[in-house]
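In case you want the letters, here they are:
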Amino acid sequence: VWPSSRSLPPPPLGPRSRGGALERKPLVGGESLGFGPQGTHPNDLHLRSSAWPAYFDPNWPQEIEETIQIPNNGSAPLIVDVQVFVSNVFNVDILRYTVSSMLLLRLSWLDTRLAWNAGGHPRRAVTLPWDSLWTPGLTIREALWVDWQDQSLRARVDPDGHVDLYLALTTETNCDFELLHFPRDQSDCNLSFYAFSNSALELEFRAHAVNEIVSVKREYVVRDLKTQVPAQQLVPCFQVTLRLENTALKAIIALLVPGEALLLADICGGLLPLRAAERIAYKVTLLLGYLVFHSSLVQALPSSSSCNPLLIYYFTVLLLLLFVSTMETVLLAALLARGNLRAKSGPSPAPRGEQQDHGDSEPNPEGAPRAKGSRRSLAEAADRVFFLAYVVGVVCSQFFFIGLWMWATCKSDPAPGKAVPHGGRPRL
């Protein structure tokens, strides 16, 4: 029995201490043991040192030091069960290839050094500060930054030494989005958790994921969630894979609708007569407006070293169609104007009597001689043929793009670390 006149010194802090370490109060009445203000054990609990684990005995400083080391599981590695609760996925940035998420990890393992006799001390569990015992140190390989919520974090210990630890974190990680079919794209984003402080012979993870996302009112939604333990790793690790799907509503409204509207407006502009001066102004205005739209579109769409979005090529084809249509209008209008100038300067002056007869007839506002009957000029006939061919070409391009969208695939080039792993010379 511990003497009541002696105060127990607090155990040393672990290397990842964040404050709030375990404190021991002086014993009252010779047998009661209590913890500091952050503890959960009442002072009226009567314990005997023969049944309480040696970790709490001040006469065993060596045992206190050993609790910071990984528990020994013999020749087999220590098994740590991991439950990954994904509570939120937000701020999916395809331009920076990043995704932010909120997760909760439940880590469970067996540490027999913390076990005690449940018959002598009938308590279901105790809670300990997480930095006063061994816990696996985790690092996310794809993370740009991680915010671990570790204030006043505590681990739950059962009488048999079973430890449960909950870790909440918010992180922004890199994700290799597959954007060939943007804005109807699906991508797998990985979060690889590594325990660099231990080897694969000492520690092994068994992980599974739970989807707790309840909000779907955002552009990207989680369609699938799975975990796996990669084989043949030098250090213990497990991987969480998020399958993200784009709802495409924002991209359709902001990109596809304006592009299709400009193309339809250009087709309607071909119905204006070639002799009308407003047709050239109309075509040039559409082309300039689409150039402004295309410049902002290039900044809004992501680029890739392997598979660029099909929309980049689609909107480039639309730009070429508008350019060809505008140039056709300008060239044929110039040809028509040259013909009118030659017609005015070509004929010799007519006699006075013929001029008087022409003066009584209807004036020709264009100043050009009339063709025989209803035969159109060469420029107008060429414009009519081009208009029909242009409509057919636009319709065929739309069907071709739809087929390309449905059946086209693109296999990204392997990363240098995967093509030639373990520090090999990357392929350029």
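Residues numbered from 1 in each chain as written. Predicted model: local features only at pLDDT ≥ 70, side-chain atom pairs only at ≥ 80, totals over all residues. Heavy atoms only, no water.

**Q** Can you explain unusual backbone geometry? Please cite residues and give values.
**A** Of note, the bond from Phe182 into Pro183 is cis; its omega dihedral lies within 30 degrees of zero at 15 degrees. In this structure, Pro183 sits in the loop between strand E7 (162–174) and strand E8 (186–194). Phi at Asn91 takes a positive value of approximately 50 degrees, unusual for a residue other than glycine. Here Asn91 shows up in strand E1 (residues 78–93). Even without glycine at this site, Gln232 takes up a positive phi of about 55 degrees. With respect to the helices and strands, Gln232 occurs in the loop between strand E10 (220–228) and strand E11 (237–246). (Helix = DSSP H or I, 4+ residues; strand = E, 2+ residues; numbered from the N terminus.)

**Q** Would you mind going over the sheet that holds strand E4 (residues 139–140) in detail, with residue names and values included?
**A** The sheet built from 4 strands is open, its strands ordered E4-E8-E11-E10 with antiparallel pairing. At either end of the open sheet lies a strand with only one pairing partner, and these are E4 and E10. Looking at chain direction, E8 and E11 are connected through 9 bridges and run antiparallel. Of the residues in E11, the one forming a bridge with Cys189 is Leu242. (Pairing = 2+ DSSP bridges.)

**Q** Got a sec to walk through helix H6 (residues 378–407)? Specific residues and values, please.
**A** Look at H6: 43 Å from first C-alpha to last across 30 residues, which is about the 44 Å you get at 1.5 Å a residue. Within the sequence span of H6, burial applies to Ala379, Asp383, Phe387, Tyr390, Val394, Ser397, Gln398, Phe401 and Gly403. (Expected span 1.5 Å × (residues − 1). Buried < 20%, exposed > 50% of the residue type's maximum accessible area, 1.4 Å probe, protein only.)

**Q** With reference to specific residues and values, describe the packing of aromatic side chains.
**A** As enumerated under the stated definition, the model contains 12 aromatic pairs in all. Here the aromatic rings of Tyr290 and Phe293 are separated by 5.8 Å at their centres, their planes lie at 50 degrees, and the arrangement is tilted. Highlighted residues: Tyr290 and Phe293, both in helix H3 (residues 278–300), separated by 3 residues, approximately one helical turn. Ring geometry for Tyr314 against Phe315: centres 5.4 Å apart, planes inclined by 65 degrees, an arrangement best described as edge-to-face. Taken as a pair, Tyr314 and Phe315 share a single burial class, namely buried. (Phe/Tyr/Trp six-rings, centres within 6.5 Å; stacked < 30°, edge-to-face > 60°.)

**Q** So what's going on with the packing of helix H2 (residues 249–269) against H3? Which residues, and what values?
**A** At a minimum axis distance of 10 Å, the contact between H2 and H3 shows a crossing angle of 165 degrees. Classified by the angle their axes make, H2 and H3 are roughly antiparallel. Our pair here, H2 against H3, has a crossing hand that is left-handed. Residues Ala254, Leu255, Pro258, Gly259, Leu262, Ala265, Asp266 and Gly269 of H2 pack against Arg279, Tyr282, Lys283, Leu286, Tyr290, Phe293 and Leu297 of H3. Taken together, the residues of the contact of H2 with H3 sort by class into 10 nonpolar, 2 polar and 3 charged. (Axes fitted to C-alpha atoms, helices over the stretch in contact; angles between N-to-C directions. Parallel < 35°, antiparallel > 145°, perpendicular 65-115°, else oblique. Left-handed = near helix turned anticlockwise from the far one by under 90°. Contact = heavy atoms within 4.5 Å. Nonpolar A, V, L, I, M, F, W, Y, C, P; charged D, E, K, R; others polar.)

**Q** Could you give an account of the nonpolar core, with specific residues and numbers?
**A** Formed by 74 residues in total, the largest nonpolar core has its most connected members in Val80, Phe182, Phe238, Leu244 and Phe315. In terms of residue count, the dominant contributor to this core is helix H4 (residues 310–345) (8 residues). In this structure Val80 touches Leu107, Ser108, Trp109, Trp134, Leu203, Glu204, Phe205 and Arg206, once residues within four positions along its chain are discounted. Counting residues in hydrophobic clusters, the runner-up holds 5 residues, among them Leu332, Ala333, Leu336 and Ala379. (Core = buried A, V, L, I, M, F, W, Y, C linked by side-chain atoms within 4.5 Å.)

**Q** Describe the environment of Glu178, listing the residues and the values that go with them.
**A** The topology assignment puts Glu178 in the loop between E7 and E8. The partly exposed category is assigned to Glu178, whose relative accessible area is 36%. Each C-alpha atom of the pair Glu178 and Asn308 lies 8.8 Å from the other, and the pair is 130 residues apart in sequence. Here Glu178 is in contact with Asp185, Gln186, Ser187 and Ser412, once residues within four sequence places are set aside.

**Q** Give me the pairing of E7: which residues, what numbers.
**A** As paired elements, strand E2 (residues 98–110) and E7 share 13 bridges and run antiparallel to each other. Paired with Leu103 across the bridge in E7 is Leu169. Two elements, strand E5 (residues 143–149) and E7, share 6 bridges in a ladder whose sense is antiparallel. Following the sheet pairing, Trp148 is matched in E7 by Leu169. Here strand E6 (residues 154–157) runs beside E7; their pairing, made up of 3 bridges, is antiparallel. By the bridge assignment, Val157 is partnered in E7 with Val163.

**Q** I'd like a description of the confidence of the model for the protein, backed by residues and values.
**A** For residues with low pLDDT, the predicted coordinates do not support detailed interpretation. Of the residues in the protein, 74% reach a pLDDT of 70 or more, and the chain-wide mean stands at 77. Mean pLDDT values for the elements of the protein range from 48 in helix H5 (residues 352–360) up to 96 in E4. Here residues 353–362 scores under 50 on pLDDT; set against residues more than four positions off or in separate chains, the count is 2 contacts. Of the regions scoring below 50 in pLDDT, residues 371–375 engages in 0 contacts with residues more than four places distant in sequence or in other chains. (pLDDT = per-residue confidence, 0-100.)

**Q** Lay out the state of the cysteines with the relevant residues and their values.
**A** Taken as a whole and judged by the stated rule, the model has 2 disulfides. The disulfide that involves Cys175 links it to Cys189, with 1.9 Å between the sulfurs. Taking the torsion about the S-S bond as the criterion, the Cys175 to Cys189 disulfide, at about -75 degrees, is left-handed. Here Cys175, found in the loop between E7 and E8, pairs with Cys189, found in strand E8; they are 14 residues apart in sequence, far enough to count as distant. There is no split in this pair, since Cys175 and Cys189 are both buried. The side chain of Cys307 participates in a disulfide bridge whose partner is Cys410; the two sulfur atoms lie 1.7 Å from each other. Its S-S torsion of about -80 degrees marks the bond between Cys307 and Cys410 as left-handed, since a negative value means left-handed. You can see Cys307 sitting in the loop between H3 and H4 and its partner Cys410 sitting in the loop between H6 and helix H7 (416–419), a full 103 residues away along the chain. Counting its disulfide-bonded cysteines in sequence order, the protein shows a connectivity of 1-2, 3-4. (Disulfide = S-S within 2.5 Å.)

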